[in-house]
Amino acid sequence: MRLILLGPPGAGKGTQAERVCAAHGLVHLSTGDLLRAAVKAGSDLGNEAKAFMDAGNLVPDTLVLALVRERLDQPDAEGGFLLDGFPRNVSQAEALAEDLGARAVESVVHMKLEDEEIVRRLLGRGRKDDTESVIRNRLQVYRDETAPLIAYYQAQTVEGQSGERHSLLRTIDAQGSMDEVFDRIQDALSSQNSNQSGTGASV
Ligand code: AMP
């Protein structure tokens, strides 16, 4: 299975990604985690990325794509992967589609959450890039750059078993307990898979 988890900061993508990967034997690729590791290690890429991350802005595509390509090229990614926090804008999505070719993404799960709840959760999380002004900026960046991916993936379809076409995107409510949200994701994936004949995505 090749999946994308899409949603605003604070929607619980990281937590749910771990559970979904454990349940389906997928490689978990979180660009946020990879970037934080690069910053911590003090690599050139990490040093370049740091100021963007501290301000809640997107790190330039070239840096992020280098990390994603390196990870997806590893043999374990052949068995399936879940992308968490990537793509974050349409140009990353286009680069991904080009890179993957026949290994196209099969499902995009959009975790939907109200702004008020996003701010409440992020303030409670206490991560270094979770101060109130940075949170507000991260939300604005999400609206401007990342939210257009909802329509982008909604418009992409996969062929169903009887030849009908279904959208790649499923939207689920990210409000609720960890178990409730996980069940909704699992339902979205199984409805997606039962609709799919495995012929890959097209626009
Ligand atoms: P996250 O853990 O996904 O919230 O990411 C933390 C920070 O890393 C973001 O605020 C961005 O600065 C950066 N980041 C993570 N993923 C991406 C991406 N796909 N493109 C650009 N910047 C990213």
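The preceding data block contains the structure.
Here the residue index of a chain counts from 1 through its sequence in written order. It should be noted that, the model being predicted, local features are given only for residues of pLDDT at least 70 and side-chain atom pairs only at 80 or more, the latter also being counted only at that level, while totals for whole chains, interfaces and linings use all residues. In computing side-chain properties, one takes all heavy atoms of the structure into account and sets aside hydrogens as well as water.

Enquirer: It is not clear to me how the pattern of salt bridges should be interpreted in this structure. Could you clarify?
Expert: Think of it this way: side chains of opposite charge can pair up when their charged atoms draw near. Salt bridges are defined as contacts in which a side-chain nitrogen from Lys or Arg sits within 4 Å of a carboxyl oxygen from Asp or Glu. As enumerated under the stated definition, the model contains 16 salt bridges in all. As a salt-bridge pair, arginine 127 and aspartate 129 come within 2.8 Å of each other at their nearest N and O atoms. Between arginine 165 and glutamate 159 there is a salt bridge; the shortest N-O distance is 3.6 Å. For arginine 165, a relative accessible area of 40% corresponds to the partly exposed category. Think of it in three bands: residues with accessible area under 20% of the maximum for their type are buried, residues over 50% are exposed, and the middle band is partly exposed, with areas taken using a 1.4 Å probe on protein chains only. Given the relative accessible area of 28%, glutamate 159 is considered partly exposed. One continuous salt-bridge network, built from bridges that share partners, spans Lys50, Asp54 and Lys128.

Enquirer: Help me understand the packing of helix H2 (residues 31-41) against helix H3 (residues 44-55), please; the structure alone is not making it clear to me.
Expert: Two quantities define a packed helix pair, namely the angle between the axes and the distance from one axis to the other. Orientation is described by axes fitted as lines to C-alpha atoms, over the contacting stretch for helices, and by angles from 0 to 180 degrees between their N-to-C directions. Helix and strand assignments follow DSSP, with helices taken as H or I runs no shorter than four residues and strands as E runs no shorter than two, numbered in order from the N terminus. Where H2 meets H3, the closest approach of the two axes is 8 Å, and the angle between their N-to-C directions is 115 degrees. Two packed elements cross with a definite hand, and for H2 against H3 that hand is left-handed. Note on element contacts: H3 touches H2 through Leu45, Gly46, Ala49, Lys50 and Met53, opposite Gly32, Leu35, Arg36, Ala38 and Val39. Class assignment for the residues of the contact of H2 with H3 results in 6 nonpolar, 2 polar and 2 charged. What makes a crossing left-handed is the near helix being turned counterclockwise from the far one by less than a right angle; a clockwise turn instead makes it right-handed. When checking whether two residues touch, look at their non-hydrogen atoms; a contact exists if any pair is within 4.5 Å. Residue polarity follows a fixed list, in which Ala, Val, Leu, Ile, Met, Phe, Trp, Tyr, Cys and Pro are nonpolar, Asp, Glu, Lys and Arg are charged, and the others, Gly among them, are polar.

Enquirer: What should I look at first to understand the environment of asparagine 57 in this one?
Expert: Positionally, asparagine 57 belongs in the loop between H3 and helix H4 (61-72). Distance from asparagine 57 to valine 141, taken between C-alpha atoms, is 6.7 Å for residues 84 residues apart in sequence. With sequence-adjacent residues up to four places away left out, asparagine 57 is seen in contact with Phe52, Asn137 and Val141. Throughout this description, a polar contact denotes any pair of N or O atoms lying within 3.5 Å of each other; where both atoms belong to protein, one of them has to be capable of donating a hydrogen while the other can accept it, and for residues adjacent in sequence the pair is counted only when both atoms sit in side chains. Within the local environment of asparagine 57, its side chain forms a polar contact with the side chain of asparagine 137, the two groups lying 2.8 Å apart.

Enquirer: Even after reading the chapter, I still don't get the nonpolar core, so can you show me in this structure?
Expert: As a rule of thumb, soluble globular proteins bury nonpolar side chains together. With 31 residues, the main nonpolar core has Ile4, Leu35, Leu72, Leu83, Leu96, Val108 and Tyr153 as its most contacted residues. The set of elements that each furnish at least two residues to this core consists of strand E1 (2-6), strand E2 (27-30), H2, H3, H4, strand E3 (81-84), helix H5 (90-100) and helix H8 (148-154). Tallying contributions element by element places H4 first for this core, with 6 residues. Setting aside chain neighbours within four positions, we find leucine 83 in contact with Leu3, Ile4, Leu5, Leu29, Leu72 and Leu96. Remark: nonpolar core denotes a set of buried residues (Ala, Val, Leu, Ile, Met, Phe, Trp, Tyr, Cys) joined through side-chain atoms within 4.5 Å. Judged by nonpolar contacts, the second largest core, of 22 residues, contains Val20, Ile172, Val181 and Phe182.

Enquirer: When you look at the side chain of threonine 31 in this model, what are you seeing that I'm missing?
Expert: By the secondary structure assignment, threonine 31 is in helix H2. For threonine 31, the contacting residues outside a window of four places in its chain are Val64, Val68, Asp84, Gly85 and Phe86.

Enquirer: Please explain the pairing of E1 as it appears in this structure.
Expert: On a regular strand, each side chain points to the face opposite its neighbour's, so the side chains alternate between the two faces of the sheet. Of all 5 residues making up E1, 5 are buried, and the element is well covered by its neighbours. With burial as the criterion, each face of E1 is covered, one bearing Arg2, Ile4 and Leu6 and the other bearing Leu3 and Leu5. Relative to E3, E1 is paired through 4 bridges, and the arrangement is parallel. Opposite arginine 2, over in E3, you have phenylalanine 81 as the bridge partner. Bridge count for E1 against strand E4 (residues 107-112) is 4 bridges, and the pairing is parallel. Within E4, the residue paired with leucine 6 across the bridge is histidine 110. Strands are labelled as partners when DSSP assigns at least two bridges between them.

Enquirer: Could you clarify how one ought to interpret the site of the ligand in this entry?
Expert: Any residue with a heavy atom lying within 4 Å of a molecule or strand is counted as near it. The local shell around the ligand holds 15 residues, among which Thr31, Arg36, Asn57, Gly85 and Gln92 are the closest. Glycine 85 has a polar backbone atom sitting 2.9 Å from a nitrogen atom of the ligand. Protein chains bury 95% of the 470 Å² of accessible surface belonging to the ligand in isolation. Of all the elements, H2 adds the most residues to the shell around the ligand, at 4 residues. Residue composition of the shell around the ligand, by class: 6 nonpolar, 5 polar and 4 charged. Values of accessible area rely on a 1.4 Å probe in the Shrake-Rupley scheme; residue burial ignores everything except the protein chains shown.

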